[in-house]
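Structural features, examined
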Amino acid sequence: MNQPIYLDNAATTRVYPEVVDAMSPYFTEYFGNPSSVYSFAGKAKEAVDKARAILAKGIHARPEEIYFTAGGSESDNWALKAAAEAYGDKGKHIITSKIEHHAILHTCEYLEKKGYEITYLDVDEKGSIDLEGLKRAIRPDTILVSVMTANNEIGTIEPIEQIGAITREHSILFHTDAVQAFGHIPMDVDAMNIDMLSASAHKINGPKGVGFLYIRKGVKIRSFIHGGAQERQRRAGTLNVPGIAGFGKAAQLAFDHMEEHAAYEVKLRDHLIEKVLEEIPYSRLNGERHKRLPGNANFCFRFIEGESMLIWLDRQGICASSGSACTSGSLDPSHVLLAIGLPHEIAHGSLRLTLSHENTKEEIDYTVKQLKGIIERLRNMSPLWEDFVKNGDA
């Protein structure tokens, strides 16, 4: 078995060789600043324009509605902070969900300190937004709704099109954090009534440190980074041409192979889910069973602690996580698992395995085999498991 077995594609992905090749000329050969007026800079500008067109087409937007950023977190911050500032005269109420990425939640906390009121929507036991709850939360002073397209931990895909219809009916801006979904499932900003959308290259086999924010034409949103006149005077800073070229290439490959990759990943994911639930007692799947990202599987195992499980998996050459990579090192259980109703002691025993089309059935079978042994070993060291067995519950 080749190692490592990489099962943490929600954290980041391997950059394709074709993407590296697409980036390479803009480091050494066509290294001009795309904002410069001389002809030498033309090749760099062409690369940016080409990538912008590819990304726009993939979500049914216009190229001029795509604004490059340094990644998903910047895009999320920009969408919320700038929209709050621009529409603050209309109202200071924003709606989001309890299971958003921390780039959204921490931005909302910042805005609360600035006098904005945030409503955090509950989700059901599968992580789905209650549409009736959203309708009840809307007020005359509501200016923005921000709900992620798919959850980064448990993979549940939210009813984005219905949310967009509700916000459009009430003339409220709708932003979605699509970092986990972009390039993996179809997105149509017009059909879904999305006004702003965040995406990141490194989730689709592109480079780290580059993303975009889609801003629908007519949305009154202000600059987030001030300085030069780049990105139509909305986002200052010299453009990361190699990263943008790589993002465009990665996106094109993702769009071209989305259907076949998704079908393969779903088959592999379902095989993993079935084996874990059948072969490992006191395990549960978190999130929607079928309406979830193709490569996402998230489990909880009773009577163990997730961090220990990850260390043992690493010793066996398996890369996994217990939740979002952005909160690794935290001793607190996942806010997503708590939001879907899991008690702390169960939420602590979580494991996220996120697959790609490059994984194999043999890797999955090996992982489950190792996981069974690890969980048995950890449970035998657990006083909670010992009490559970003594009480005759096992």
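Structural notes, computed from the coordinates. (Residues numbered from 1 in each chain as written. Predicted model: local features only at pLDDT ≥ 70, side-chain atom pairs only at ≥ 80, totals over all residues. Heavy atoms only, no water.)

Once that is clear, we can look at the overall build of the protein chain. Regarding its fold elements, the protein chain presents 14 helices and twelve strands. Here the C-alpha radius of gyration of the protein chain, 22 Å, is about what a compact globule of 394 residues would show, namely 21 Å. Each principal axis of the C-alpha atoms in the protein chain carries an extent, and together these give about 75 × 55 × 30 Å. Within the protein chain, the fraction of its 394 residues that count as buried is 57%. Of the contacts formed within the protein chain by residues at least 6 apart in sequence, a portion of 74% connects residues at least 24 apart. (Helix = DSSP H or I, 4+ residues; strand = E, 2+ residues; numbered from the N terminus. Rg over C-alpha atoms; globule rule 2.2 N^0.38 Å. Buried < 20%, exposed > 50% of the residue type's maximum accessible area, 1.4 Å probe, protein only. Contact = heavy atoms within 4.5 Å.)

A separate point is the packing of helix H3 (residues 42–58) against helix H9 (residues 241–279). The contact between H3 and H9 brings their axes to 8 Å, and the two run at 35 degrees. As for the relative orientation of H3 and H9, their crossing is left-handed in sense. For the pair formed by H3 and H9, the contact residues are Ala44, Ala47, Val48, Ala51, Ile54, Leu55 and Gly58 on the first element and Val241, Ile244, Ala245, Phe247, Gly248, Ala251, Gln252 and Phe255 on the second. For the contact of H3 with H9, the per-class residue count stands at twelve nonpolar, three polar and no charged. (Axes fitted to C-alpha atoms, helices over the stretch in contact; angles between N-to-C directions. Left-handed = near helix turned anticlockwise from the far one by under 90°. Nonpolar A, V, L, I, M, F, W, Y, C, P; charged D, E, K, R; others polar.)

Right, let's talk about the packing of helix H4 (residues 72–86) against helix H5 (residues 102–113) for a bit. Contact pair H4 / H5: the axes reach a minimum separation of 9 Å and the direction vectors enclose 30 degrees. With respect to H5, the element H4 is oriented roughly parallel. In the crossing of H4 with H5, the sense of the turn from one axis to the other is right-handed. Across the interface between the two elements, Ser73, Asp76, Asn77, Leu80, Lys81 and Ala84 of H4 pack against Ala103, Ile104, Thr107, Cys108, Tyr110 and Leu111 of H5. (Parallel < 35°, antiparallel > 145°, perpendicular 65-115°, else oblique.)

With respect to topology, seven strands assemble into an open sheet ordered E2-E8-E7-E6-E5-E3-E4, the strand pairing being mixed. Edge positions in the sheet fall to strand E2 (66–69) and strand E4 (117–121), since each has one partner strand and no second. If you compare each strand with its neighbour and ignore which way they point, the axes differ by 20 degrees on average. (Pairing = 2+ DSSP bridges.)

Here we come to H3. Under the 1.5 Å per step criterion, the end-to-end length of H3 is 24 Å for 17 residues, consistent within 8% with the ideal 24 Å. By the burial criterion, the buried members of H3 are Ala44, Ala47, Val48, Ala51, Arg52, Ile54, Leu55, Ala56 and Gly58. The secondary structure elements touched by the buried residues of H3 are helix H2 (25–28), E2, strand E8 (211–215), helix H8 (230–233) and H9. Just beyond H3, the residue with positive phi is His60, at close to 65 degrees. (Expected span 1.5 Å × (residues − 1).)

This part takes up helix H7 (residues 160–169). When H7 is considered as a whole, its buried residues turn out to be Ile160, Ile163, Gly164, Ile166 and Thr167. The buried residues of H7 occupy one face: seen down the axis, they fall within an arc of 160 degrees. Of the residues flanking the end of H7, it is Ser171, one or two places downstream, whose phi is positive at about 55 degrees. (Arc of directions from axis to C-beta.)

With that settled, consider the packing of aromatic side chains. Applying the stated criterion across every chain, the model contains 14 aromatic pairs. Taken together, Phe182, Phe212, Phe247 and Phe255 form an aromatic cluster joined through their ring pairs. The ring of Tyr30 is capped by Lys43, whose NZ or CZ atom sits 5.7 Å from the centre of that ring. Above the face of the Trp385 ring, Arg379 is positioned so that its terminal group lies 5.3 Å from the ring centre. (Phe/Tyr/Trp six-rings, centres within 6.5 Å; stacked < 30°, edge-to-face > 60°. Lys NZ or Arg CZ within 6 Å of the ring centre and 35° of its normal.)

Despite not being glycine, His60 shows a phi value in the positive range, around 65 degrees. For His60, the location among the structural elements is in the loop between H3 and E2. Positive phi, normally seen in glycine, also occurs at Ser171, with a value near 55 degrees. By secondary structure assignment, the location of Ser171 is in the loop between H7 and strand E6 (173–177).

Across a regular strand the side chains alternate sides, sitting on one face of the sheet and then on the other. Of all five residues in strand E7 (residues 196–200), five are buried; the element is thus mostly enclosed. Because side chains alternate across E7, one face comprises the buried residues Met196, Ser198 and Ser200, and the other comprises Leu197 and Ala199, equally buried. Pairing of E6 with E7 involves three bridges; the strand directions are parallel. Within E7, the residue paired with Asp177 across the bridge is Ser198. Pairing of E7 with E8 involves five bridges; the strand directions are antiparallel. Residue Ser198 lies in a different strand from E8, and its bridge partner there is Leu213.

Turning next to the environment of Arg14. Following the sequence through the fold, Arg14 ends up in the loop between strand E1 (5–6) and helix H1 (17–23). Overall, the relative accessible area of 41% leaves Arg14 in the partly exposed class. Taking the C-alpha atoms as reference points, Arg14 and His202, separated by 188 residues in sequence, lie 8.0 Å from one another. In contact with Arg14, other than residues within four places in its own chain, are Asn205 and Glu358. At a separation of 2.4 Å, a polar atom in the side chain of Arg14 contacts the side chain of Glu358. (Polar contact = N/O pair within 3.5 Å; in protein donor to acceptor, adjacent residues only side chain to side chain.)

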